[in-house]
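Geometric and topological summary
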Amino acid sequence: MHHETFHYGDLADVRATAEALHAFLPLSEDLSPLYQPMSLAGHIVNNHIAFQPMEGTDGTEAGAPGPLTIRRYQRFAKAGPGLIWFEAVATVPEGRASAHQLYLTEDNLDDFCRLNDQIRETCLKENGYVPVIVMQATNSGRYSKPNGVPAPLIAYRCPPLEEGLDLPWKVLTDDDLRRYEAAFEQTARLSQKAGFDGMDVKCCHRYLACELLSAYTRPGAYGGSYENRTRFLKNAYRAAQAGVTGDFFLTSRLNVYDGFAYPYGFGVHEGSMEPDPQEPIRLIQELRDEFHIPLINVTMGNPYKNPHVNRPYDKGNYVPDEHPLTGVGRMMAGVSEIQAAIPDLPVMGSAFSYLRQFSPNLAAGMVKDGHCALAGFGRMAFADPDFVQEGRSGAISKKNVCISCGNCAVLLRSGTPAGCVVRDREVYKL
Ligand SMILES: Cc1cc2nc3c(=O)[nH]c(=O)nc-3n(C[C@H](O)[C@H](O)[C@H](O)COP(=O)(O)O)c2cc1C
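Points about the overall build of the chain
When you go through the chain residue by residue, the secondary structure sums to 15 helices and 13 strands. Its C-alpha atoms give the chain a radius of gyration of 20 Å, near enough to 22 Å, the size a compact globule of 430 residues would have. Relative to its full complement of 430 residues, the chain shows a buried share of 54%. Expressed as a percentage of contacts within the chain between residues at least 6 apart in sequence, the contacts between residues at least 24 apart total 72%.

The structure is reproduced here in structure tokens:
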């Protein structure tokens with residue numbers, strides 16, 4: 001079936017299309033599975049709803065949270081998800097994705113401390129509990145734009161990602177990579193001081209650590225074999241571990257499928273474009289065993305070249321290649337496969353927002369049937385964070401939900417503050 005726009009009047013409509021497409025969408029009428037507490041790394045998580053990292057491109061030039069960053073996290077805190085996965089924060093200045101990406105340093109540590117205090121105070125006051133807060137630490141690698149113009153730091157030349165682009169590619173040396181791994185120590189140390197509960201060594205969407213997982217064609221210590229391709233990520237964990245103490249935990253947002261054919265994609269069958277979870281499962285098990293990660297946040301795709309593998313899209317000025325429910329189903333199946341292979345490790349799933357007012361039904365179905373432990377919402381957190389509390393009474397108003405128009409991503413790509421141009425239009429305009 002080709003692309004169709006969102007037209008579902010009720011869950012039965014969604015089910016019928018999912019069945020026709022053979023898309024894996026376990027829906028639950030009952031939303032109560034989302035509102036049971038769970039424990040995670042010594043914390044009580046109030047509910048199974050998480051907000052995914054959503055970069056706002058609204059930090060100061062020095063990397064501190066700006067007024068719109070503070071506003072966004074106030075909205076998130078008021079909404080009351082059990083876990084807030086704080087957006088991408090750069091580990092080195094040249095690895096920032098924009099001149100306004102957050103960058104945590106000794107100089108702006110107090111600003112991050114204040115923001116975390118405000119998040120906890122607001123959530124406690126509004127909802128009676130505090131969220132778990134995980135910070136995503138990133139090196140944007142290929143997508144670095146520290147001064148607003150592309151300055152790509154790449155692991156290897158990757159034709160599918162470079163087609164039609166003439167950029168000043170810098171292929172990083174092994175020494176560069178060692179320096180970038182080491183930078184995770186300082187970021188982790190500061191992240192703990194700033195009051196986060198844990199840190200994500202970001203390994204998704206083809207930013208640097210993720211790109212290295214598919215560096216089959218790179219010579220030397222960081223390319224070719226599985227051991228070499230995972231070296232950067234594991235060394236970054238070792239560095240981060242050296243910077244933190246006590247209960248502070250490490251985790252990752254990990255691509256389990258890149259959507260590019262061998263030898264350019266991780267989690268992809270050699271000889272086809274089908275997902276192959278073997279290496280992702282091995283890697284997650286190794287992270288669990290060596291670094292005691294208490295959860296893993298599973299995602300897929302690349303926001304620049306196959307953006308709707310990661311965030312299924314409804315309509316705009318082009319028609320996506322596949323039916324959006326096929327994309328949602330791929331993600332749910334991938335998340336479920338990881339959870340089934342590693343049942344003792346809580347998995348957080350991605351890409352629920354496409355289903356609008358029915359997205360909590362998908363989240364509840366996934367959680368109820370044990371396909372994941374936490375349901376992570378991205379665009380919906382921008383458009384309608386209050387859905388979290390609305391869902392407690394089972395009624396999500398369709399007037400406020402995300403319509404997956406993709407315009408928040410358009411703002412992000414243009415380096416201007418990102419938010420919802422439909423539901424928060426007094427603040428965000430294209
Ligand atoms: C504006 C925007 C900013 C994003 N920022 C991040 C980020 O900082 N880190 C990350 O891992 N993913 C980021 N993502 C991806 C989302 O976290 C999420 O995976 C995606 O939107 C799909 O989930 P959804 O269907 O709930 O929106 C971003 C996406 C958008 C649209």
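Some points on the site of the ligand
Close to the ligand lie 26 residues, the nearest being Gln-52, Pro-53, Ser-353, Gly-378 and Arg-379. Taken together, the elements giving at least two residues each to the shell around the ligand come down to β4 (83–90), α13 (379–383) and α15 (407–413). Counted by class, the shell around the ligand contains 13 nonpolar, eight polar and five charged residues.

A look at the pairing of strand β13 (residues 374–377)
Side chains of β13 alternate between two faces, with Leu-374 and Gly-376 and Ala-375 and Phe-377 buried alike. Two elements, strand β3 (residues 49–51) and β13, share three bridges in a ladder whose sense is parallel. If you follow Ile-49 over to β13, its bridge partner there is Ala-375. Summarising the sheet, strand β12 (residues 347–349) and β13 pair through two bridges and their orientation is parallel.

Observations regarding the environment of Gln-136
Structurally, Gln-136 is set in strand β6 (residues 132–138). Accessibility expressed as a C-beta count within 10 Å gives 25 for Gln-136, which makes it buried. Distance in space between the C-alpha atoms of Gln-136 and Thr-5 is 32 Å, their sequence separation being 131 residues. Setting aside residues up to four positions removed in sequence, Gln-136 forms contacts with Pro-53, Trp-85, Phe-86, Glu-87, Ala-88, Val-89, Asp-200, Lys-202 and Arg-253.

Side note on the nonpolar core
In summary, soluble globular proteins display a tendency toward joint burial of nonpolar side chains. If you look at the biggest cluster of nonpolar residues, it comprises 127 residues, and the most contacted ones within it are Val-201, Ala-209 and Ala-375. With residues up to four places along the chain from it excluded, the contact list for Val-201 reads Ala-137, Phe-184, Ala-209, Leu-233, Ala-236, Tyr-237, Ala-240, Leu-250 and Ser-252.

Digging into the pairing of strand β9 (residues 198–201)
A two-sided burial pattern is seen for β9, the buried positions comprising Gly-198 and Asp-200 on one face and Met-199 and Val-201 on the other. The pairing of β6 with β9 spans four bridges and is parallel. Looking at the pairing, Gln-136 lines up with Asp-200 of β9. Two strands pair when backbone bridges link them, and β9 and strand β10 (residues 249–257) are joined in this way by three bridges, in the parallel orientation. Bridging from a neighbouring strand, Asp-200 pairs with Thr-251 of β10.

Details of the environment of Ala-351
Relative to the helices and strands, Ala-351 is located in the loop between β12 and α12 (359–368). Ala-351 sits in the buried class, given 33 other C-beta atoms within 10 Å. Sequence separation between Ala-351 and Ala-363 is twelve residues; the distance between their C-alpha atoms is 9.8 Å. Sequence-distant contacts of Ala-351, that is, excluding residues within four places in its chain, are made with Asn-310, Arg-311, Pro-312, Val-328 and Met-331.

Details of the packing of helix α1 (residues 11–21) against helix α11 (residues 324–341)
When two helices pack together, their arrangement is given by the angle between their axes and by how far apart the axes lie. Look at α1 against α11: their axes get within 10 Å of each other, and the N-to-C directions meet at 80°. Judged on the interaxial angle alone, α11 and α1 are roughly perpendicular. Packed against α1, whose contacting residues are Thr-17, Ala-18 and Leu-21, the element α11 presents Leu-325, Thr-326 and Gly-329 at the interface. Grouping the amino acids of the contact of α1 with α11 by side-chain chemistry returns three nonpolar, three polar and no charged.

A short note on unusual backbone geometry
The linkage connecting Tyr-262 with the following residue, Pro-263, adopts the cis geometry, with an omega of 10°. Tracing the backbone shows Pro-263 in the loop between β10 and α9 (278–291). One non-glycine residue, His-205, adopts positive backbone phi at about 60°. Within the secondary structure, His-205 sits in the loop between β9 and α6 (208–212). Not every positive phi belongs to a glycine, and Arg-356 is a case in point at roughly 50°. Mapped onto the elements, Arg-356 comes out in the loop between β12 and α12. By the C-beta count within 10 Å, which is 23 here, Arg-356 ends up buried.

Parameters and conventions
Here the residue index of a chain counts from 1 through its sequence in written order. Whole-chain, interface and lining totals are the exception, using all residues; otherwise, since this is a predicted model, local features are given only for residues with pLDDT of at least 70 and side-chain atom pairs are given and counted only at 80 or more. Strands here mean DSSP runs of E at least two residues long; helices mean DSSP runs of H or I at least four residues long; both are numbered from the N terminus. Two things to know: the radius of gyration comes from C-alpha atoms, and the globule rule equals 2.2 Å times the number of residues to the power 0.38. Here the C-beta atoms are placed from the backbone, and a residue counts as buried if at least 20 other C-beta atoms lie within 10 Å of its own, exposed if 12 or fewer do, and partly exposed otherwise. Contact between two residues is assigned when their C-beta atoms, built from the backbone, lie within 7 Å. Think of it this way: take the backbone, place a C-beta atom on it, and check whether that atom is within 6 Å of the molecule or strand, in which case the residue is near it. Residues were grouped as follows: Ala, Val, Leu, Ile, Met, Phe, Trp, Tyr, Cys and Pro as nonpolar; Asp, Glu, Lys and Arg as charged; and all remaining residues, including Gly, as polar. A strand pair is defined by DSSP finding two or more bridges across the two strands. Linking buried Ala, Val, Leu, Ile, Met, Phe, Trp, Tyr and Cys residues through C-beta atoms within 7 Å yields a set, and such a set is a nonpolar core. Interaxial angle, 0 to 180 degrees, is taken between N-to-C directions of lines fitted to C-alpha atoms, where a helix line uses only the stretch in contact. Just so you know how the angles are binned, under 35 degrees is roughly parallel, over 145 roughly antiparallel, 65 to 115 roughly perpendicular, and the rest oblique.

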